[in-house]
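Below, each chain spelled out in residue letters.
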Amino acid sequence: MKQILLSHGGGGEETQKLIKELFFRYFSNPILERMEDAAVLETGRKIAFTTDSFTVSPIFFKGGNIGKLAVAGTVNDIAMMGAKPLYMSCSFIIEEGLPFEELEEIVKSMAEEMEKSGVKIVTGDTKVVPRGSADKIFINTTGIGEIIYEGISASNLKEGDVIIVSGTMGDHGACIMAQREGIELEGELSSDCATLWPLVENLINANITIKAMRDPTRGGLAAVLNEWAEQSAIGIEVEEEKIPIKEEVQGMCELLGLEPLSLANEGKLIVAVPEEEAEKAVEALRKHPLGKDAQIIGKVVSDHRGRVVLKSSYGSKRILEPPAGELLPRIC
């Protein structure tokens, strides 16, 4: 008998197979099959609509907590579709015995994070379950935003388009892994958990042509680029040395034999723009502190369609495979 594995929630091949072979078989419709971070709905005006659940462990980590993550994660999914975040729902599933002070800290951090985009929680629900029925607290959110920049899609990429990242890759995943496993690292590695709407606003206000945009959460940069290559039926070639990665993240990955490009971020975006607008896009991102390390990392090519290729500084090339298995469950 088939069973659900942790890897089915990891954002890689198993997740894609579960979505396409089970959920699409019963829920299939043109909106759902676009497989974007948020659905684009027609209601007189175009809106973006998304939902997510947060089960991260530990619930408090360097750089944030489950509440900040729930708000930022939901807002970011809306923002990646060119939509201004407006409203959220929020449901709490709380385990009996959670200290009230911890819950208050989580709720306070959510309020502080909402101020960064102007989003409002307008409806919600709270359930308390017996000890042992959950792990401290789970949060489910739904977000709605008004689309102010239309046409963003993973299917838009064309030969010559340029791939840009807003900052260092793998920070959130490395932070959670180190904290959970008690790994002591030099430096101050923390989660990059943050609301990305200000970066998106900068791109829109600079009149950048945004072809595709995504925040690399589960599965990291590798998952996003492979999805884009498949959806647009093109190849993507990336200069490995141009991908910004913190020394602490790189060191931990080398120690544990992990691929940093498959680790999650919660406060970075990847955007594809026309070649002639690439430098202008980087400049727009760097105007905000969250985009100070923005970097052009690659381009869309006609070769090796459906594949992502990493090019080393020595000129050698290797395929960047989509993530498989579950590197780290309960990352968000």
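Counting from 1, residues in each chain are numbered in the order their sequence is written. pLDDT decides what is reported in this predicted model: residues at 70 or higher carry local features, side-chain atom pairs at 80 or more are listed and counted, and totals for whole chains, interfaces and linings draw on all residues regardless. Side-chain measures here rest on the full set of heavy atoms in the structure, leaving out hydrogens and waters.

1. Comments concerning the overall build of the chain
The helix count covers DSSP runs of H or I at least four residues long, the strand count covers runs of E at least two residues long, and both are numbered beginning at the N terminus. On a plain count of helices and strands, the chain comes out with eight helices and 14 strands. Taking 20 Å as the expected radius of gyration for a compact globule of 332 residues, we find that the chain reaches 19 Å, a close match to that expectation. Along the three orthogonal principal directions, the C-alpha set of the chain runs to about 55 × 55 × 50 Å. Only protein chains enter the accessibility calculation, which uses a 1.4 Å probe; a residue is then buried when its area is under 20% of its type maximum, exposed when over 50%, and partly exposed in between. Counting across all 332 residues of the chain, residues that qualify as buried make up 51%. By definition, residues are in contact when any of their heavy atoms lie within 4.5 Å. For the chain, contacts bridging at least 24 residues in sequence account for 83% of all contacts bridging at least 6. Residue burial considers only the protein chains on display, and all accessible areas are found by Shrake-Rupley using a 1.4 Å probe. Accessible surface computed for the chain: about 15700 Å², of which carbon and sulfur atoms make up 50%. When the 35 positive and 52 negative side-chain charges of the chain are each reduced to one mean point, those points stand 3 Å apart. For the radius of gyration, the atoms used are the C-alpha atoms, and the globule rule reads 2.2 Å times the number of residues raised to 0.38. Charge counting treats Lys and Arg as positive and Asp and Glu as negative, with His and both chain ends excluded. The location of each charge is read from NZ of Lys, CZ of Arg, CG of Asp or CD of Glu.

2. Looking at the sheet that holds strand β13 (residues 308–311)
Pairing within the open sheet is mixed, and its seven strands lie in the order β9-β11-β8-β12-β10-β13-β14. Across the chains shown, the open sheet's two edge strands, defined by having one partner strand only, are β9 (212–214) and β14 (317–319). Neighbour-to-neighbour, the strand axes of the sheet open up by a mean angle of 25°, direction not taken into account. With four bridges connecting them, strand β8 (residues 162–165) and strand β11 (residues 270–273) associate as antiparallel partners. Bridge pairing links I164 to V271 in β11. For helices, the axis comes from a line fit to the C-alpha atoms of the stretch in contact; other axes are also lines fit to C-alpha atoms, and the angle between any two N-to-C directions lies between 0 and 180 degrees. Across the sheet, helix α6 (residues 220–232) is in contact with β8, β9, β10 (235–239), β11, β12 (295–301) and β13; its angle to β11 comes to roughly 30°. At least two DSSP bridges between two strands are required for those strands to pair.

3. What about the packing of aromatic side chains?
Side-chain rings of Phe, Tyr and Trp, where Trp is taken by its six-membered ring, are said to pair if the distance between their centres is within 6.5 Å; with planes under 30 degrees apart they count as stacked, over 60 as edge-to-face, and otherwise as tilted. Inspection of the entire model under this criterion finds one aromatic pair. Plain terms: the ring middles of F23 and F27 are 6.2 Å apart, the flat faces sit at 5° to each other, and that makes the pair stacked. Residue F23 and its partner F27 are both found in helix α1 (residues 13–27); the two are separated by four residues, about one turn of the helix. Assessed through its relative accessible area of 35%, F23 is described here as partly exposed. In this structure F27 comes out as exposed when scored by relative accessible area, which is 54%.

4. Quick look at the sheet that holds strand β5 (residues 83–95)
With mixed pairing, the five strands of this open sheet are ordered in space as β1-β2-β7-β5-β6. Strand pairing shows two members of the sheet lacking a second neighbour, β1 (39–42) and β6 (120–129), which therefore form its edges. Recorded for the sheet is a direction-independent mean angle of 20° between the axes of neighbouring strands. With nine bridges joining them, β5 and β6 adopt parallel strand pairing. Across the sheet, I93 pairs through a bridge with K127, a residue of β6.

5. Examining the packing of helix α2 (residues 66–79) against helix α3 (residues 100–114)
Closest axis-to-axis distance for the α2/α3 pair is 7 Å, and the angle between their directions is 30°. The angle between α2 and α3 places the two elements in the roughly parallel class. Between α2 and α3 lies a crossing whose hand is right-handed. Residues I66, G67, K68, V71 and A72 of α2 touch α3, and the partners they reach there are I106, S109, M110, E113 and M114. Oblique is the label for any angle not under 35 degrees, not over 145, and not in the 65 to 115 range, which are roughly parallel, roughly antiparallel and roughly perpendicular in turn. The hand of a helix crossing depends on one turn: near helix anticlockwise from the far one by less than a right angle means left-handed, and clockwise means right-handed.

6. Topic: the nonpolar core
When a protein is soluble and globular, its nonpolar side chains tend to lie buried together. Among the nonpolar cores identified, the biggest contains 62 residues, and I137, I139, I164, L203, I210, M213 and L269 are the most heavily contacted of them. Considering each element in turn, this core owes the most residues, seven residues, to α2. In this structure, I164 is in contact with L269, I270, V271, V273, A278, A281, V282, L285, Q295 and I296, ignoring residues within four places of it in sequence. For our purposes a nonpolar core is just a set of buried Ala, Val, Leu, Ile, Met, Phe, Trp, Tyr and Cys residues, chained together by side-chain atoms within 4.5 Å. Formed by 24 residues, the second largest nonpolar core is a distinct cluster that contains V224, I236, L261 and I297.

7. Comments concerning the environment of S312
Locating S312 in the fold gives a position in the loop between β13 and β14. C-alpha of S312 to C-alpha of E239: the two residues are 73 residues apart in sequence and 6.4 Å apart in space.

8. Thoughts on the packing of helix α5 (residues 197–205) against helix α8 (residues 278–286)
α8 packs onto α5 with a crossing angle of 140° between their chain directions and a minimal axis gap of 8 Å. The orientation of α5 relative to α8 falls into the category oblique. The element α5 and its partner α8 pack so that their crossing is right-handed. The residues of α8 that touch α5, namely those facing L199, N202 and L203, are A281, A284 and L285. All amino acids are sorted into three groups, where Ala, Val, Leu, Ile, Met, Phe, Trp, Tyr, Cys and Pro are nonpolar, Asp, Glu, Lys and Arg are charged, and the leftover types, Gly among them, are polar. Broken down by class, the residue content of the contact of α5 with α8 amounts to five nonpolar, one polar and no charged.

9. Digging into the environment of P198
If you trace the backbone, P198 turns up in helix α5. Residues within four places of P198 in sequence aside, it is in contact with K116 and H288.

10. Thoughts on the pattern of salt bridges
Oppositely charged side chains are able to pair whenever their charged atoms sit close together. Should a side-chain nitrogen of Lys or Arg be within 4 Å of a carboxyl oxygen of Asp or Glu, the pair is scored as a salt bridge. As enumerated under the stated definition, the model contains 18 salt bridges in all. For the salt bridge of R214 with D37, the shortest nitrogen-to-oxygen distance reads 3.5 Å. With R214 in strand β9 and D37 in the loop between α1 and β1, this pair connects stretches of sequence that are 177 residues apart. Comparing R214 with D37 shows no difference in burial state: the two are buried. Between E240 and R318 there is a salt bridge whose closest N-O contact spans 3.3 Å. Highlighted residues: E240 in the loop between β10 and α7 (247–256) and R318 in strand β14, separated in sequence by 78 residues.

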